[in-house]
Amino acid sequence: MVRNVAGEMASLEPGDFYLLSGVEHGMRFARWVDRGKIENFSRLDGEEVEYRLDRCEDRGLVERKTIQYTGFRLTFEGYDALALRTFSERETLQGVGAPLGVGKESDVYEAQSYKPLALKFHREGYTNFREVQKERDYTSDKEHISWFYTARKAAEREHEALEALYPAVRVPRPVDQNRHAIVMEKLSGVELSKAKLDPSQAVGVLDLILDEVQTAYQEGYVHADMSEYNVFVDEDGVTVFDWPQAVPVDHENADEFLERDVRNLVGYFRRKHPAEVPEVDVGAVAEAIRTDAFEGVRTLTSE
């Protein structure tokens, strides 16, 4: 988990953000930004750059490396600070609260605002950058790829999908997005993987989720990463979250991803409730979803 820098924001000065923004700009061109170029990127003079580099390095917001030159780059904490600064300037957030969830590819916190919201920092590539490069199609067309570019593109894609799907599909209501971070509605309920469903509810909950998958398809998107870990269940139904891998329905692999999503969901419910959930032809379910004809798994049993 990347350290939460929200508590340090008040101690940072405007010049620190000029420095961080300058290093961010330089990272568009190189993994490590030459110390000699930071003055131009940040629009600070040499003495000010040295002072700000020391302050930001002491706070873990930048790191240095000596290669053929002395180079600097943002840490994820530094990138977080820039996003938080923007959200503050936009009056999107008033503060950051307790962690809501930590995963391999994101950290989620409660966000303090006019109502409880959730702040999600994308971390794609932080622990396994090469693997993410293979899986995400938006990393394939650039020669210089950084963790930050990958995480920002994931946030942009997820926010775009949420804006397109809400409110037709039960997804978190999107509020704002900057760099690798998204502010969205805070979800109620419990993650499906942790939900203690009555066996008699299993088929009904599966149908609710597949209904949302169908509506998302009709609205133009395939989730492409469906599992028991990105569905919340509450008394009002289900909410599908985590959309950074979503693809439009005209994507060349959309049908394959849709069938995989269905297989993952049906497989989970079959493992948990084999006596209640019927065996189904996954391909038939996916086809019914594509044609807006899905009316429940019991209507598509392979028995």
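Residues numbered from 1 in each chain as written. Predicted model: local features only at pLDDT ≥ 70, side-chain atom pairs only at ≥ 80, totals over all residues. Heavy atoms only, no water.

Trainee: Can you help me understand the sheet that holds strand 11 (residues 231-234) in this one?
Mentor: Strands in a sheet are paired, the pairing made by backbone hydrogen bonds, and the direction either parallel or antiparallel. The three strands are arranged 9-11-12 in an open sheet whose pairing can be described as antiparallel. At either end of the open sheet lies a strand with only one pairing partner, and these are strand 9 (190-191) and strand 12 (237-240). Judged from the four bridges that link them, strand 11 and strand 12 form a sheet pairing that is antiparallel. Along strand 12, the bridge assignment pairs Asp 234 with Gly 237. (Pairing = 2+ DSSP bridges. Helix = DSSP H or I, 4+ residues; strand = E, 2+ residues; numbered from the N terminus.)

Trainee: Looking at this model, I keep getting lost on the packing of aromatic side chains. Mind explaining?
Mentor: Two aromatic rings, taken as a pair, are described by how far apart their centres are and by the angle between their planes. Applying the stated criterion across every chain yields a total of seven aromatic pairs. Taking the centre distance of 5.1 Å and the plane angle of 65° together, the rings of Phe 76 and Phe 148 count as edge-to-face. Taken together, the positions of Phe 76 in helix 4 (residues 76-89) and Phe 148 in helix 6 (residues 147-165) put the pair 72 residues apart, joining distant regions of the chain. Of the two residues, Phe 76 and Phe 148, neither departs from the other in class, the shared state being buried. (Phe/Tyr/Trp six-rings, centres within 6.5 Å; stacked < 30°, edge-to-face > 60°. Buried < 20%, exposed > 50% of the residue type's maximum accessible area, 1.4 Å probe, protein only.)

Trainee: Got a minute to help me understand the packing of helix 8 (residues 254-272) against helix 9 (residues 282-290) in this structure?
Mentor: The description of two helices packed together rests on the angle between their axes and the distance between the axes. Interaxial distance between helix 8 and helix 9 falls to 9 Å at its minimum, and their mutual angle equals 120°. Taken as axis vectors, helix 8 and helix 9 run oblique relative to one another. Crossing handedness for the pair helix 8 and helix 9: right-handed. Residue-level contacts link Asp 255, Leu 258, Glu 259, Val 262 and Arg 263 of helix 8 to Val 282, Gly 283, Val 285, Ala 286, Ile 289 and Arg 290 of helix 9. Of the residues belonging to the contact of helix 8 with helix 9, the class tally is six nonpolar, one polar and four charged. (Axes fitted to C-alpha atoms, helices over the stretch in contact; angles between N-to-C directions. Parallel < 35°, antiparallel > 145°, perpendicular 65-115°, else oblique. Left-handed = near helix turned anticlockwise from the far one by under 90°. Contact = heavy atoms within 4.5 Å. Nonpolar A, V, L, I, M, F, W, Y, C, P; charged D, E, K, R; others polar.)

Trainee: Hey, could you run me through the side chain of His 273 in this one?
Mentor: Turning to its location among the elements, His 273 is positioned in the loop between helix 8 and helix 9. Leave out the neighbours within four places in its chain, and His 273 touches Leu 197, Pro 199 and Ala 202.

Trainee: Sorry if this is basic, but what is going on with the pattern of salt bridges here?
Mentor: Two side chains bearing opposite charge may form a pair once their charged atoms approach each other closely. The tally for this structure, following the rule as stated, stands at 25 salt bridges. Close ionic contact of Arg 55 with Glu 13 constitutes a salt bridge, the shortest N to O distance being 4.0 Å. Remark: Glu 13 occurs in the segment before helix 1 (14-26) and Arg 55 occurs in helix 3 (residues 46-58); sequence separation between them is 42 residues. Note on Glu 13: relative accessible area 29%, which makes it partly exposed. Measuring nitrogen to oxygen at the nearest pair gives 2.8 Å for the salt bridge that ties Glu 57 to Arg 64. Take Arg 64: its relative accessible area is 40%, and that puts it in the partly exposed class. (Salt bridge = Lys/Arg side-chain N within 4 Å of Asp/Glu carboxyl O.)

Trainee: Would you take a moment to explain the pairing of strand 8 (residues 181-185) for this structure?
Mentor: The element strand 8 is largely enclosed, with a buried count of four among its five residues. Where strand 6 (residues 117-122) and strand 8 come together, five bridges link them in antiparallel fashion. The residue bridging Ala 118 from the neighbouring strand is Met 184, located in strand 8. Counting the residues between successive antiparallel strands, the hairpin from strand 7 (residues 174-178) to strand 8 contains two residues, one of them, Arg 179, with a positive phi of roughly 50°.

Trainee: Would you mind showing me how to read the sheet that holds strand 4 (residues 95-102) here?
Mentor: Spatially, 4-5-6-8-7 is the arrangement adopted by the five strands of the open sheet, whose pairing is antiparallel. Looking at which strands have only one partner, the edges of the open sheet turn out to be strand 4 and strand 7. On average, adjacent strands in this sheet sit at an angle of 25° to one another, irrespective of strand direction. For strand 4 and strand 5 (residues 106-112), the ladder comprises five bridges, and the chain directions are antiparallel.

Trainee: Where do I start with the packing of helix 7 (residues 202-218) against helix 8 in this structure?
Mentor: The interhelical angle for the contact between helix 7 and helix 8, taken along N-to-C directions, is 170°, at an axis separation of 10 Å. One finds that helix 7 runs roughly antiparallel with respect to helix 8. Relative to helix 8, the crossing made by helix 7 is right-handed. Each of Ala 202, Val 205, Leu 206, Ile 209, Leu 210, Val 213 and Tyr 217 in helix 7 lies in contact with helix 8, whose residues at this interface are Asp 255, Leu 258, Val 262, Leu 265, Val 266 and Phe 269.

Keep in mind these values describe shape, not function.
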